[in-house]
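Here is what each chain is made of, one letter per residue.
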Amino acid sequence: MIRFEHVGMTFPDGTRAVEDFSLEIPRHATVVLLGSSGCGKTTLLQMVNRMVDPTAGRVLVDGEDVASLNPVTLRRRIGYVMQNAGLLPHRTVLDNVLTVPRLAGRAGAAEKARAHELLEMVGLTPALAQRYPAQLSGGQRQRVGVARALAADPDILLMDEPFSAVDPVVRADLQAELLRIQRELAKTILFVTHDVDEAVLLGDEVLVLREGARVEQRGTGEHVLLRPATDFVARFVGGDRRRLHVEERAGTPTVVDAAGRVAGTLVAP
Ligand SMILES: Nc1ncnc2c1ncn2[C@@H]1O[C@H](COP(=O)(O)OP(=O)(O)OP(=O)(O)O)[C@@H](O)[C@H]1O
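From a predicted model like this one, the values you see are computed outputs, not experimental measurements.

Novice: Report on the nonpolar core, specifying residues and quantitative values.
Specialist: Buried together is how nonpolar side chains tend to be arranged in soluble globular proteins. Grouped together as the largest cluster of nonpolar side chains are 68 residues, with contacts concentrated most on L34, V48, V97, A147, L158 and L190. Non-local contacts of V48, meaning those with residues more than four positions away in its chain, are made with I2, V59, V61, V66, I78, L158 and L190.

Written as C-alpha coordinates, this is what we have:
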(Lines give C-alpha, C1' and ligand atoms only; values in the text may rest on other atoms or scores of the structure.)
Protein backbone atom coordinates (compact mmCIF):
# COMPACT_ATOMS: atom_id res chain seq x y z
CA MET A 1 0.00 0.00 0.00
CA ILE A 2 1.25 3.47 -0.89
CA ARG A 3 -0.21 6.57 0.68
CA PHE A 4 0.49 10.20 -0.18
CA GLU A 5 -0.65 12.54 2.60
CA HIS A 6 -0.88 16.17 1.53
CA VAL A 7 2.49 16.06 -0.14
CA GLY A 8 4.04 19.16 -1.66
CA MET A 9 7.30 19.77 -3.46
CA THR A 10 8.94 23.11 -3.97
CA PHE A 11 12.38 22.80 -5.55
CA PRO A 12 15.21 25.05 -4.30
CA ASP A 13 14.80 27.34 -7.34
CA GLY A 14 11.21 28.02 -6.25
CA THR A 15 9.47 25.70 -8.76
CA ARG A 16 6.33 24.35 -7.14
CA ALA A 17 6.15 20.95 -8.82
CA VAL A 18 3.53 19.52 -6.44
CA GLU A 19 1.06 21.72 -4.54
CA ASP A 20 -1.03 19.49 -2.26
CA PHE A 21 -1.49 15.89 -3.33
CA SER A 22 -3.14 13.00 -1.49
CA LEU A 23 -3.76 9.47 -2.72
CA GLU A 24 -4.00 5.95 -1.40
CA ILE A 25 -3.03 3.07 -3.66
CA PRO A 26 -4.35 -0.23 -2.33
CA ARG A 27 -2.25 -3.37 -2.51
CA HIS A 28 -2.31 -5.13 -5.88
CA ALA A 29 -3.86 -2.14 -7.67
CA THR A 30 -2.48 -0.33 -10.68
CA VAL A 31 -2.91 3.42 -10.47
CA VAL A 32 -1.95 5.59 -13.43
CA LEU A 33 -0.90 9.23 -13.18
CA LEU A 34 -1.88 10.81 -16.48
CA GLY A 35 -0.91 14.31 -17.46
CA SER A 36 1.09 16.43 -19.82
CA SER A 37 4.76 17.22 -19.52
CA GLY A 38 5.83 19.03 -16.38
CA CYS A 39 2.69 18.48 -14.29
CA GLY A 40 4.63 16.72 -11.53
CA LYS A 41 4.09 13.02 -12.30
CA THR A 42 7.74 11.98 -12.05
CA THR A 43 8.23 14.05 -8.91
CA LEU A 44 5.34 12.18 -7.23
CA LEU A 45 6.65 8.81 -8.34
CA GLN A 46 10.14 9.55 -7.05
CA MET A 47 8.80 10.51 -3.65
CA VAL A 48 7.91 6.86 -3.11
CA ASN A 49 11.49 5.59 -3.35
CA ARG A 50 12.98 8.80 -1.91
CA MET A 51 14.70 9.99 -5.02
CA VAL A 52 12.80 13.14 -4.12
CA ASP A 53 11.92 14.07 -0.53
CA PRO A 54 8.73 16.14 -0.35
CA THR A 55 8.93 19.60 1.20
CA ALA A 56 5.47 19.12 2.73
CA GLY A 57 3.38 16.15 3.83
CA ARG A 58 4.52 12.55 3.87
CA VAL A 59 4.51 9.33 1.91
CA LEU A 60 3.78 6.01 3.59
CA VAL A 61 4.68 2.58 2.25
CA ASP A 62 2.85 -0.22 4.06
CA GLY A 63 2.12 2.20 6.86
CA GLU A 64 5.71 3.38 7.31
CA ASP A 65 6.74 6.97 6.61
CA VAL A 66 9.44 6.63 3.94
CA ALA A 67 11.31 9.58 5.49
CA SER A 68 12.15 7.27 8.40
CA LEU A 69 13.55 4.56 6.12
CA ASN A 70 17.03 4.21 4.69
CA PRO A 71 16.75 5.22 1.00
CA VAL A 72 19.05 2.44 -0.20
CA THR A 73 17.16 -0.29 1.66
CA LEU A 74 13.86 1.23 0.54
CA ARG A 75 14.90 1.21 -3.13
CA ARG A 76 15.79 -2.45 -2.95
CA ARG A 77 12.21 -3.15 -1.88
CA ILE A 78 10.70 -1.19 -4.74
CA GLY A 79 11.03 -1.96 -8.45
CA TYR A 80 11.67 1.06 -10.65
CA VAL A 81 11.29 1.03 -14.42
CA MET A 82 12.26 4.20 -16.21
CA GLN A 83 11.95 5.58 -19.68
CA ASN A 84 14.70 4.16 -21.95
CA ALA A 85 15.16 1.33 -19.45
CA GLY A 86 18.27 2.88 -17.83
CA LEU A 87 20.34 -0.29 -18.20
CA LEU A 88 24.04 -0.42 -17.35
CA PRO A 89 25.75 -0.43 -20.78
CA HIS A 90 28.81 -2.45 -19.82
CA ARG A 91 26.86 -5.26 -18.15
CA THR A 92 25.17 -8.14 -19.94
CA VAL A 93 21.40 -8.50 -19.89
CA LEU A 94 21.68 -11.18 -17.19
CA ASP A 95 23.94 -8.99 -15.05
CA ASN A 96 21.59 -6.07 -15.45
CA VAL A 97 18.70 -8.17 -14.15
CA LEU A 98 20.91 -9.27 -11.24
CA THR A 99 21.79 -5.68 -10.27
CA VAL A 100 19.67 -5.52 -7.11
CA PRO A 101 20.31 -9.08 -5.85
CA ARG A 102 24.05 -8.40 -6.32
CA LEU A 103 23.84 -5.14 -4.30
CA ALA A 104 22.15 -7.15 -1.58
CA GLY A 105 24.99 -9.71 -1.74
CA ARG A 106 22.72 -12.42 -3.16
CA ALA A 107 23.58 -13.34 -6.73
CA GLY A 108 24.05 -17.09 -6.49
CA ALA A 109 22.66 -19.94 -8.56
CA ALA A 110 19.10 -19.47 -7.27
CA GLU A 111 19.07 -15.75 -8.21
CA LYS A 112 20.54 -16.52 -11.63
CA ALA A 113 17.87 -19.15 -12.25
CA ARG A 114 15.22 -16.63 -11.19
CA ALA A 115 16.74 -13.99 -13.51
CA HIS A 116 16.43 -16.41 -16.43
CA GLU A 117 12.83 -17.11 -15.44
CA LEU A 118 12.09 -13.38 -15.35
CA LEU A 119 13.64 -12.86 -18.78
CA GLU A 120 11.37 -15.56 -20.09
CA MET A 121 8.40 -14.01 -18.31
CA VAL A 122 8.95 -10.67 -20.06
CA GLY A 123 9.17 -12.48 -23.38
CA LEU A 124 12.92 -12.61 -24.04
CA THR A 125 14.66 -15.71 -25.36
CA PRO A 126 17.50 -17.22 -23.26
CA ALA A 127 20.04 -16.41 -26.00
CA LEU A 128 19.66 -12.71 -25.22
CA ALA A 129 20.89 -13.07 -21.64
CA GLN A 130 24.56 -12.72 -22.61
CA ARG A 131 24.08 -9.70 -24.88
CA TYR A 132 24.84 -6.11 -23.94
CA PRO A 133 22.11 -3.44 -23.96
CA ALA A 134 23.46 -1.86 -27.17
CA GLN A 135 22.85 -5.18 -28.93
CA LEU A 136 19.11 -5.08 -28.17
CA SER A 137 16.16 -3.29 -29.72
CA GLY A 138 14.42 -0.55 -27.73
CA GLY A 139 11.52 -2.87 -26.92
CA GLN A 140 13.87 -5.61 -25.74
CA ARG A 141 15.70 -3.12 -23.52
CA GLN A 142 12.41 -2.11 -21.94
CA ARG A 143 11.62 -5.75 -21.26
CA VAL A 144 14.99 -6.13 -19.53
CA GLY A 145 14.13 -3.03 -17.49
CA VAL A 146 10.90 -4.69 -16.33
CA ALA A 147 12.72 -7.97 -15.52
CA ARG A 148 15.33 -6.04 -13.53
CA ALA A 149 12.64 -4.24 -11.55
CA LEU A 150 11.02 -7.58 -10.70
CA ALA A 151 14.27 -9.31 -9.73
CA ALA A 152 14.15 -8.35 -6.07
CA ASP A 153 10.54 -9.55 -5.93
CA PRO A 154 9.29 -6.15 -4.79
CA ASP A 155 5.68 -5.60 -3.70
CA ILE A 156 5.72 -2.22 -5.42
CA LEU A 157 6.59 -1.27 -8.98
CA LEU A 158 7.14 2.33 -10.01
CA MET A 159 6.93 2.76 -13.78
CA ASP A 160 7.84 6.11 -15.30
CA GLU A 161 6.72 6.26 -18.94
CA PRO A 162 8.38 2.88 -19.41
CA PHE A 163 7.05 2.26 -22.92
CA SER A 164 7.13 5.72 -24.43
CA ALA A 165 10.36 5.30 -26.41
CA VAL A 166 9.16 2.41 -28.57
CA ASP A 167 6.91 2.22 -31.63
CA PRO A 168 3.15 1.67 -31.21
CA VAL A 169 3.21 -2.04 -32.08
CA VAL A 170 5.99 -2.85 -29.61
CA ARG A 171 4.31 -0.63 -27.09
CA ALA A 172 1.07 -2.60 -27.39
CA ASP A 173 3.04 -5.85 -26.88
CA LEU A 174 4.72 -4.47 -23.78
CA GLN A 175 1.40 -3.28 -22.37
CA ALA A 176 -0.15 -6.72 -22.95
CA GLU A 177 2.86 -8.33 -21.29
CA LEU A 178 2.54 -6.07 -18.28
CA LEU A 179 -1.16 -6.92 -17.92
CA ARG A 180 -0.30 -10.62 -18.05
CA ILE A 181 2.52 -10.25 -15.50
CA GLN A 182 0.25 -8.23 -13.24
CA ARG A 183 -2.42 -10.96 -13.35
CA GLU A 184 0.25 -13.43 -12.27
CA LEU A 185 2.23 -11.41 -9.73
CA ALA A 186 -0.32 -8.86 -8.44
CA LYS A 187 2.08 -6.03 -7.60
CA THR A 188 1.09 -2.58 -6.40
CA ILE A 189 1.89 -0.44 -9.42
CA LEU A 190 2.19 3.32 -9.78
CA PHE A 191 2.45 4.04 -13.49
CA VAL A 192 3.16 7.40 -15.11
CA THR A 193 2.18 8.21 -18.68
CA HIS A 194 0.92 11.00 -20.90
CA ASP A 195 -0.81 8.47 -23.18
CA VAL A 196 -4.55 8.31 -22.57
CA ASP A 197 -5.02 4.91 -24.22
CA GLU A 198 -2.24 3.41 -22.15
CA ALA A 199 -3.76 4.84 -18.96
CA VAL A 200 -7.21 3.42 -19.75
CA LEU A 201 -5.80 0.04 -20.66
CA LEU A 202 -3.54 -0.44 -17.65
CA GLY A 203 -5.08 1.52 -14.79
CA ASP A 204 -7.55 0.19 -12.25
CA GLU A 205 -7.73 3.87 -11.46
CA VAL A 206 -6.58 6.86 -13.47
CA LEU A 207 -5.74 10.32 -12.10
CA VAL A 208 -5.69 13.15 -14.59
CA LEU A 209 -3.24 15.77 -13.36
CA ARG A 210 -2.47 19.31 -14.34
CA GLU A 211 0.33 21.67 -13.27
CA GLY A 212 1.30 21.35 -9.64
CA ALA A 213 0.00 17.75 -9.71
CA ARG A 214 -3.50 19.11 -9.17
CA VAL A 215 -6.03 16.30 -9.62
CA GLU A 216 -8.56 17.23 -12.29
CA GLN A 217 -10.31 13.87 -12.20
CA ARG A 218 -9.90 10.42 -10.77
CA GLY A 219 -11.81 7.27 -11.58
CA THR A 220 -11.71 4.32 -13.91
CA GLY A 221 -10.24 5.03 -17.31
CA GLU A 222 -13.63 4.41 -18.87
CA HIS A 223 -15.18 7.08 -16.68
CA VAL A 224 -12.53 9.60 -17.55
CA LEU A 225 -13.18 8.91 -21.22
CA LEU A 226 -16.96 8.94 -20.99
CA ARG A 227 -17.52 11.67 -18.44
CA PRO A 228 -14.63 14.12 -18.38
CA ALA A 229 -15.13 16.12 -15.20
CA THR A 230 -13.68 19.38 -16.53
CA ASP A 231 -12.89 21.11 -19.80
CA PHE A 232 -9.24 20.41 -19.13
CA VAL A 233 -9.89 16.64 -18.97
CA ALA A 234 -12.13 16.77 -22.04
CA ARG A 235 -9.38 18.51 -23.99
CA PHE A 236 -6.74 16.17 -22.64
CA VAL A 237 -8.54 12.94 -23.48
CA GLY A 238 -9.49 14.42 -26.83
CA GLY A 239 -12.53 13.23 -28.71
CA ASP A 240 -12.25 12.19 -32.28
CA ARG A 241 -8.56 11.45 -32.21
CA ARG A 242 -8.93 8.69 -29.61
CA ARG A 243 -8.29 5.14 -30.55
CA LEU A 244 -10.66 4.27 -27.71
CA HIS A 245 -14.15 5.71 -27.39
CA VAL A 246 -17.33 4.82 -25.55
CA GLU A 247 -20.51 3.72 -27.26
CA GLU A 248 -23.77 2.12 -26.17
CA ARG A 249 -23.83 -1.64 -26.85
CA ALA A 250 -26.85 -3.66 -25.74
CA GLY A 251 -27.73 -0.85 -23.36
CA THR A 252 -24.30 -0.85 -21.71
CA PRO A 253 -21.74 1.93 -22.14
CA THR A 254 -18.88 0.03 -23.73
CA VAL A 255 -15.32 1.09 -24.50
CA VAL A 256 -14.51 0.27 -28.09
CA ASP A 257 -11.27 0.70 -30.01
CA ALA A 258 -10.93 2.20 -33.48
CA ALA A 259 -11.43 -1.23 -35.05
CA GLY A 260 -14.71 -1.77 -33.17
CA ARG A 261 -13.29 -4.27 -30.69
CA VAL A 262 -14.64 -4.10 -27.16
CA ALA A 263 -11.96 -2.94 -24.71
CA GLY A 264 -14.14 -2.87 -21.59
CA THR A 265 -17.49 -1.88 -20.14
CA LEU A 266 -18.27 1.07 -17.98
CA VAL A 267 -18.58 0.32 -14.29
CA ALA A 268 -19.86 2.89 -11.82
CA PRO A 269 -17.00 4.29 -9.70
N1 LIG B 1 15.38 19.37 -9.68
C2 LIG B 1 14.47 20.25 -10.09
N3 LIG B 1 14.63 21.57 -9.86
C4 LIG B 1 13.71 22.48 -10.25
N5 LIG B 1 12.56 22.16 -10.89
C6 LIG B 1 12.36 20.86 -11.14
C7 LIG B 1 13.29 19.84 -10.77
N8 LIG B 1 12.80 18.65 -11.18
C9 LIG B 1 11.62 18.91 -11.77
N10 LIG B 1 11.35 20.24 -11.76
C11 LIG B 1 10.15 20.91 -12.28
O12 LIG B 1 9.03 20.38 -11.61
C13 LIG B 1 7.92 20.29 -12.50
C14 LIG B 1 7.40 18.86 -12.51
O15 LIG B 1 8.40 18.02 -13.09
P16 LIG B 1 8.15 16.44 -13.31
O17 LIG B 1 9.40 15.88 -13.91
O18 LIG B 1 7.65 15.86 -12.06
O19 LIG B 1 6.99 16.47 -14.39
P20 LIG B 1 6.37 15.31 -15.27
O21 LIG B 1 4.91 15.46 -15.17
O22 LIG B 1 6.94 14.00 -14.85
O23 LIG B 1 6.90 15.68 -16.71
P24 LIG B 1 7.37 14.75 -17.95
O25 LIG B 1 6.13 14.07 -18.45
O26 LIG B 1 7.92 15.75 -18.91
O27 LIG B 1 8.41 13.80 -17.41
C28 LIG B 1 8.40 20.81 -13.84
O29 LIG B 1 8.04 22.15 -13.95
C30 LIG B 1 9.92 20.65 -13.76
O31 LIG B 1 10.56 21.58 -14.57
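Novice: Can you explain the sheet that holds strand 5 (residues 64–65)? Please cite residues and give values.
Specialist: Sheets are built from strands paired through backbone hydrogen bonds, the pairs being either parallel or antiparallel. Read from one edge to the other, the open sheet built from four strands follows the order 2-1-4-5, with strand pairing classed as antiparallel. Both edges of this open sheet fall to strand 2 (16–25) and strand 5, since each of them pairs with a single strand only. Where strand 1 (residues 2–10) and strand 2 come together, six bridges link them in antiparallel fashion. Bridge pairing links I2 to I25 in strand 2. Helix 1 (residues 41–48) contacts strand 1, strand 2 and strand 4 (56–61) of the sheet and is inclined by roughly 55 degrees relative to strand 2.

Novice: If you had to explain helix 7 (residues 168–185) to someone new, which residues and values would you point to?
Specialist: The terminal C-alpha atoms of helix 7 lie 25 Å apart, and with 18 residues this matches the ideal 26 Å at 1.5 Å per residue to within 8%. Among all positions in helix 7, only R171, L174, L178 and I181 are buried. Each buried residue of helix 7 sits inside an arc of 85 degrees when the element is viewed along its axis, so together they form one side. Exposed residues lying more than 90 degrees from the buried face of helix 7 are P168, V169, A176, R183 and E184. Buried residues along helix 7 sit against helix 5 (109–121), helix 6 (138–150) and helix 8 (196–202). With its phi angle positive at about 50 degrees, A186 sits one or two positions after the end of helix 7.

Novice: Explain the pairing of strand 10 (residues 214–219) residue by residue, including any values.
Specialist: Here strand 9 (residues 205–210) pairs with strand 10 via five bridges, running antiparallel. Counterpart to V206 in the pairing with strand 10 is G219. With antiparallel pairing between neighbouring strands as the criterion, strand 9 and strand 10 make up a hairpin whose turn holds three residues, including G212 at a positive phi of roughly 75 degrees.

Novice: Pulling in residues and values, what's your account of helix 5?
Specialist: In an α-helix there are 3.6 residues to a turn, and that puts residues three or four apart on one side. For helix 5, which comprises 13 residues, the first-to-last C-alpha distance of 18 Å matches the rise-based estimate of 18 Å (1.5 Å per residue) to within 8%. Within the sequence span of helix 5, burial applies to A115, L118 and L119. Around the axis of helix 5, the buried residues are gathered within 100 degrees of arc, so they sit on the same side. In helix 5, the exposed positions angled more than 90 degrees off the buried face are occupied by A109, A110, A113 and E117. At its buried positions, helix 5 is contacted by helix 3 (93–97) and helix 6. One or two positions beyond helix 5, positive phi appears at G123, with a value near 85 degrees.

Novice: Break down the sheet that holds strand 8 (residues 188–193) for me, with residues and values.
Specialist: Reading across the sheet, the six strands line up as 6-7-8-3-9-10 and stay open at both edges, with mixed pairing between neighbours. Only two strands of the sheet have a single neighbouring strand rather than two, namely strand 6 (78–81) and strand 10. Adjacent strand axes in the sheet meet at a mean angle of 15 degrees, parallel and antiparallel pairs treated alike. Bridge analysis of strand 6 against strand 7 (residues 156–160) gives four bridges, and the strand direction is parallel. The partner of G79 across the bridge, within strand 7, is L157. Packed onto the sheet, helix 1 meets strand 3 (30–35), strand 6, strand 7, strand 8 and strand 9 and runs at close to 155 degrees relative to strand 8.

About the criteria used
- Residues numbered from 1 in each chain as written.
- Predicted model: local features only at pLDDT ≥ 70, side-chain atom pairs only at ≥ 80, totals over all residues.
- Core = buried A, V, L, I, M, F, W, Y, C linked by C-beta atoms within 7 Å.
- Buried ≥ 20, exposed ≤ 12 C-beta atoms within 10 Å, placed from the backbone.
- Contact = placed C-beta atoms within 7 Å.
- Pairing = 2+ DSSP bridges.
- Helix = DSSP H or I, 4+ residues; strand = E, 2+ residues; numbered from the N terminus.
- Axes fitted to C-alpha atoms, helices over the stretch in contact; angles between N-to-C directions.
- Expected span 1.5 Å × (residues − 1).
- Arc of directions from axis to C-beta.

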